[in-house]
Amino acid sequence: MKYAYFISCINESMTKELDIAFEKWKTDLGIELVKLEEGTCCGGSNLDYVSPKHCWTINARNIALAEKMDLDLVTSCNTCLLSLRHAKHDLDTKEGLKEQVNELLAKDNLEYTGKAQIKHLLWVLNEDFGLDTLARKIKTPLKDLKIAPFYGCHILRPSHLMGVDDPNAPSSLHQLIETLGAQTVPYASANKCCGFHTLLVAEEESLNIAANALEDGIRSGADYIVTPCPLCHTSLDLYQNKALKSRKNLPKNSIPILHLTQLVGLALGYSKKELGIDKHMIL
């Protein structure tokens, strides 16, 4: 399986361990990635409000780079997924928009055709590679772990752009976790927001949202919260101590957060150090 890989900004800066883990085990599963070295920031689900034209253009260019290689485009960031799929939807459905954008892309010898699919790594593992096949690759079943799945908003909503999970009762991350041998725990915050996108403008409200998810995870008895999104990881790991500061009478005062790629790596036999888990704030 071969894909173009969209390098999200946060993976290059704050959550490098996500890609470090992915690099460790991707060849074990026969997944080949061609990084979009010429790709640009997706706009972070904000640019579309400020300047839709610029958002359409930069994401059409990102997709066109994948199409030039005749590959589907994969990302491991929920927000990049939303930005790319939102742009693709508009480019494919708004009359005349694709032609307008292609006039600009022609200056870079690129053309957006719409043939490339935009996928999240979670979907690639579940659907393209297949959970039955993944189960046969496991070297260290995670049978002793209790996991609280945290999807994050942008892989679920808006559902007409995502189309994989029921946003009110998602299951794809649960299925993957259970395939790896771990037990999923009932977790009220599984499909809730992590608060990341309001962190810089409304910190108190953002931390309260993160604290709700963290408290749910702690009270569920989970060993870890696992998320497929680096932005959610940043909110729940990096800001965890600050978020939980005002919460009282918790069974314990912290809960480790794992990236999806790290959980898969553990089941494939890699150590916590190899997967960059020792780089997290909360261990």
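For the structure, check the block above.
These remarks concern the structure in this document.

Rules of the game
Residues numbered from 1 in each chain as written. Predicted model: local features only at pLDDT ≥ 70, side-chain atom pairs only at ≥ 80, totals over all residues. Heavy atoms only, no water. Helix = DSSP H or I, 4+ residues; strand = E, 2+ residues; numbered from the N terminus. Polar contact = N/O pair within 3.5 Å; in protein donor to acceptor, adjacent residues only side chain to side chain. Contact = heavy atoms within 4.5 Å. Pairing = 2+ DSSP bridges. Axes fitted to C-alpha atoms, helices over the stretch in contact; angles between N-to-C directions. Parallel < 35°, antiparallel > 145°, perpendicular 65-115°, else oblique. Nonpolar A, V, L, I, M, F, W, Y, C, P; charged D, E, K, R; others polar.

To continue, consider the side chain of Thr227. Inspection of the secondary structure puts Thr227 in strand 7 (residues 224–227). Separated by 3.2 Å, the side chain of Thr227 and the backbone nitrogen of Cys229 make a polar contact. Leave out the neighbours within four places in its chain, and Thr227 touches Phe150, Tyr151, Cys232, His233, Ile257, Leu258, His259 and Leu260.

Taken in spatial order, the four strands make up an open sheet running 2-1-3-4, and their pairing is parallel. Edge positions in the sheet fall to strand 2 (32–35) and strand 4 (118–120), since each has one partner strand and no second. Within this sheet the neighbouring strands show an average axis-to-axis angle of 40 degrees, counted without direction. Strand direction decides the pairing type here: strand 1 (residues 2–5) and strand 3 (residues 73–75), joined by two bridges, are parallel. Looking at strand 3, one finds that Tyr5 is bridged to Val74. Its contacts with the sheet put helix 5 (residues 78–93) on strand 3 and strand 4, and the angle it makes with strand 4 is roughly 160 degrees.

Between helix 4 (residues 52–68) and helix 5, the least distance of the axes is 9 Å, while the angle of their chain directions is 100 degrees. When the axes of helix 4 and helix 5 are compared, the pair comes out roughly perpendicular. Contacts from Cys55, Trp56, Asn59, Ala60, Asn62 and Ile63 of helix 4 reach helix 5 at Ser83, Leu84, Ala87, Lys88, Asp90 and Leu91. Of the residues contributing to the contact of helix 4 with helix 5, the split by class is seven nonpolar, three polar and two charged.

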